[in-house]
Amino acid sequence: MLDAVVVGSGPNGLSAAIVLAQAGCRVVVFEANQTIGGGVRSAELTLPGFTHDICSAVHPLGIASPFWRTLPLAAHGLEWVEPSAMIGHPFDDGGAVLVERSLDITAEALGRDGAAYRRTIGVAVESWPRLERAVLGPPAFPRHPLSLARFGLQALRSAEGLANSIFKEGRTKAMFAGIAGHGMLPLDRALTAGVGLTLGALCHVAGWPIPRGGAQRITDALVAFLRTLGGEVVVDSRVTNIDDLPPAKIILCDLSPKPLLRIAGHRFPFAYRRSLERYRYGMGVFKVDWALAEPIPWKNEQCRRAGTLHLGGTMEEIAASEHDAWEGRVVDRPFVLLSQPSVFDPSRAPAGRHVAWAYSHVPGASTIDMLDRIEQQIERFAPGFRDCVLARSIMTPADVEAHNANLVGGDIAGGVTDLRQFFTRPTWHNYATPVKGLYICSASTPPGVGVHGMCGYYAATLALKQIAAGASRRT
């Protein structure tokens, strides 16, 4: 009998496997696809020699992950590349706001909003060592309640409400809205301010880096280290029924509720099954990858310094785009999130060539073609962009789900993260299930979305504790 089986080789599944292997368990990871990595994979999606990230591309939580910091991933080929600036937010008049690695430089450039930036993002940066466990862990009694309370009072607010109450300049409000827009919720909803504060703080705490050579390098490093511990990964091994797995003391599923129910629903009691069936997925994404003849010709050349670009003009425009997508409508001017990795990592493309990656939020499972709308938004801030395009690869929400069954309807967050579902992902059990020895370790568990491996870390830690407790009771 194996000690442990992990279903799914995403960053959480691999992290869970490493925790178990470090504890001396014999672990096998089963991956449905031929390529390991789940949402952390790279491929030549357009032309030979152009490396594109299939899902995740920029990884502030990866470099900040408390668990991954303990692993020798650099020794297994993972090298982080930090862009010259973390975020660029261009405007129609040719101006732009840049979020620099330096908090001081960023705040100074914001003029009369600089002090407010320090009181919000700056305080989160200063408090990060005391906030990290609460932000990147399961619900628990806080170790630093005063710091968490100060952060939480702002984080629980809506992004629109916080921005309007503390910032004076429309450009600062737009910049904050763009960061908060990563949360895949309407910006008038509670907790969206927390997304903006957390990701904004990470610009200055750890940066928004990219892995040299593509996101696949994160996966490759995790797998390489797992194998040094005796762990095994079996690819092209789709699990259709949990009963078909080899016998094991622990089974961890790096699956969101819908695919989990597909393979294990028959093992769950009715009440738990119904809880998983009620789990809510949110907006999807329409994603485009480009092979480019040259760098994106931004109207404001400072935008070339940014690894990530937020294209949406004003806060009001971004908020309208996110609200309409949430309500099932498609807008002509979508909020576009774009990454230009080859500007900082030439290994992604042939000499002199480039790659870019962008997506917009759309209604879940939408079939609307957003290509023209997305490219028009890029042209708005980078006239002549389309003249640089050598080839395109398009992923609709259905394509996103086909690449990774966890991303139901194209929801790259693995489920809605609002107040109703924030503390009970995917149920109040979090990682455990009513089936002895069966656990969930996907991004549908705390702390949720992001490439950080902490869901897998905490799920595996809980599994080891419960197995040890059971053994203790028998002796």
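The present account deals with the structure reproduced in this document. Worth saying up front: this structure is predicted, and the values here are computed from it rather than measured.

What counts, and where the lines are drawn
Residues numbered from 1 in each chain as written. Predicted model: local features only at pLDDT ≥ 70, side-chain atom pairs only at ≥ 80, totals over all residues. Heavy atoms only, no water. Helix = DSSP H or I, 4+ residues; strand = E, 2+ residues; numbered from the N terminus. Buried < 20%, exposed > 50% of the residue type's maximum accessible area, 1.4 Å probe, protein only. Contact = heavy atoms within 4.5 Å. Lys, Arg positive; Asp, Glu negative; His and termini not counted. Charge placed at Lys NZ, Arg CZ, Asp CG, Glu CD. Patch = residues over 30% accessible without salt bridge, like charges linked within 9 Å, V, L, I, M, F, W, Y side chains within 5 Å. Areas by Shrake-Rupley, 256 points an atom, 1.4 Å probe, with all protein chains shown as cover. Salt bridge = Lys/Arg side-chain N within 4 Å of Asp/Glu carboxyl O. Pairing = 2+ DSSP bridges. Axes fitted to C-alpha atoms, helices over the stretch in contact; angles between N-to-C directions. Disulfide = S-S within 2.5 Å. 1 Å grid on protein atoms, 1.4 Å probe; cavity = no way out; pocket = protein on both sides within 12 Å on 5 of 7 lines; lining within 4 Å. Points joined across faces, edges and corners; volume = space filled by probe spheres on them. Core = buried A, V, L, I, M, F, W, Y, C linked by side-chain atoms within 4.5 Å. Phe/Tyr/Trp six-rings, centres within 6.5 Å; stacked < 30°, edge-to-face > 60°.

**Describing the overall build of the protein chain**
Line of reasoning, step 1. A count of helices and strands for the protein chain gives 16 helices and 16 strands.
Line of reasoning, step 2. Taken over the C-alpha atoms alone, the protein chain extends approximately 70 × 55 × 45 Å along its principal axes.
Line of reasoning, step 3. Counting over 475 residues, the protein chain shows a buried share of 60%.
Line of reasoning, step 4. Within the protein chain, residue pairs in contact and separated by at least 24 positions form 74% of the contacts whose partners lie at least 6 positions apart.
Line of reasoning, step 5. Taking the average place of the 46 positive charges on the side chains of the protein chain and the average place of its 43 negative ones, the gap between the two points comes to 8 Å.

**Concerning a nonpolar patch on the surface**
Line of reasoning, step 1. Taken together, the side chains of Leu156, Leu419, Phe422 and Phe423 make up a nonpolar region of the molecular surface, amounting to roughly 370 Å² of accessible area.
Line of reasoning, step 2. Relative to the helices and strands, Phe423 is located in the loop between helix H15 (419–422) and strand S16 (438–440).

**Considerations on the sheet that holds strand S10 (residues 248–253)**
The strands making up a sheet are joined through hydrogen bonds of the backbone, oriented either antiparallel or parallel.
Line of reasoning, step 1. Spatially, the five strands line up as an open sheet ordered S9-S2-S1-S10-S16, and their pairing is parallel. A strand with exactly one partner marks an edge of an open sheet, and here the two such strands are strand S9 (232–234) and S16. Averaged over all neighbouring strand pairs, the angle between strand axes comes to 20°, with direction disregarded.
Line of reasoning, step 2. Pairing analysis gives three bridges linking S10 to S16, with the strands arranged parallel. Pairing of Ile251 across the sheet is with Leu438, part of S16.

**Observations concerning the sheet that holds strand S11 (residues 284–292)**
Line of reasoning, step 1. Taking strand neighbours across the sheet as the criterion, the seven strands line up as S7-S6-S12-S13-S14-S11-S15 in an open arrangement whose pairing is mixed. Only two strands of the sheet have a single partner each, and these edge strands are strand S7 (96–99) and strand S15 (389–395). When the angles between neighbouring strand axes are averaged without regard to direction, this sheet yields 20°.
Line of reasoning, step 2. Relative to S7, strand S6 (residues 85–90) runs antiparallel, the two sharing four bridges.

**Side note on the state of the cysteines**
Line of reasoning, step 1. Taken as a whole and judged by the stated rule, the model has zero disulfides.
Line of reasoning, step 2. Summary of cysteine pairing: Cys441 is not part of a disulfide, and the nearest cysteine sulfur, belonging to Cys253, is at 7.2 Å.
Line of reasoning, step 3. For Cys441, a relative accessible area of 0% corresponds to the buried category.
Line of reasoning, step 4. Free cysteine: Cys455, not disulfide-bonded; nearest cysteine sulfur from Cys441 at 8.2 Å.

**Digging into empty space enclosed by the protein**
The rolling of a water-molecule-sized probe over the atoms marks out the regions of remaining empty space.
Line of reasoning, step 1. Considering all chains together, one arrives at five cavities of 30 Å³ or more under this definition.
Line of reasoning, step 2. Approximately 100 Å³ is the volume attributed to the largest cavity.
Line of reasoning, step 3. Lining the largest cavity are 15 residues, and of these Ile54, Cys55, Lys287, Val400 and Ile412 lie nearest its centre.
Line of reasoning, step 4. Counting residues per element, the ones that place at least two in the lining of the largest cavity are S11, strand S14 (354–362) and helix H14 (397–403).

**Some remarks on unusual backbone geometry**
Line of reasoning, step 1. A cis amide bond links Arg425 to the next residue, Pro426, at an omega of -10°.
Line of reasoning, step 2. Inspection of the secondary structure puts Pro426 in the loop between H15 and S16.
Line of reasoning, step 3. Cis geometry marks the peptide bond from Pro446 to Pro447; its omega dihedral reads 0°.
Line of reasoning, step 4. Following the sequence through the fold, Pro447 ends up in the loop between S16 and helix H16 (454–474).
Line of reasoning, step 5. In the Ramachandran plot, Met184 falls in the positive-phi region, its phi being about 60° despite a non-glycine side chain.
Line of reasoning, step 6. Assignment of secondary structure puts Met184 in the loop between helix H7 (170–180) and helix H8 (192–205).
Line of reasoning, step 7. One non-glycine residue, Leu191, lies in positive phi territory at about 85°.

**So, the nonpolar core**
Line of reasoning, step 1. Counting 97 residues, the largest nonpolar core has Tyr117 and Leu252 as the members making the most contacts within it.
Line of reasoning, step 2. Every residue in contact with Tyr117, bar those within four places of it in the chain, is listed here: Val99, Leu103, Thr106, Ala107, Leu110, Gly122, Phe167, Met175, Gly200 and His204.
Line of reasoning, step 3. One finds Leu292, Leu338, Ala358 and Ile378 within the second-largest nonpolar core, a separate group that totals 26 residues.

**Description of the packing of aromatic side chains**
Line of reasoning, step 1. Taken as a whole, this structure holds eight aromatic pairs when the rule is applied.
Line of reasoning, step 2. Relative to Tyr281, the ring of Tyr279 has its centre 5.3 Å away and its plane inclined at 80°; by these criteria the two rings are edge-to-face.
Line of reasoning, step 3. Owing to a relative accessible area of 5%, Tyr279 belongs among the buried residues under this scheme.
Line of reasoning, step 4. Here Tyr281 falls in the partly exposed class, since its relative accessible area comes to 22%.
Line of reasoning, step 5. Geometrically, the ring pair formed by Phe422 and Phe423 is edge-to-face, given 4.8 Å between the ring centres and 85° between the ring planes.
Line of reasoning, step 6. Three or more aromatic residues link up through ring pairs in this structure, and these residues are Phe67, Tyr457 and Tyr458.

**Observations concerning the pairing of S6**
Line of reasoning, step 1. A large share of S6 lies buried, amounting to six of its six residues.
Line of reasoning, step 2. Sheet topology note: the S6/strand S12 (residues 306–311) ladder contains three bridges and is parallel. Along S12, the bridge assignment pairs Ala85 with Ala306.
Line of reasoning, step 3. Where S6 hands over to S7, the hairpin turn is made up of five residues, of which Gly94 adopts a positive phi near 95°.

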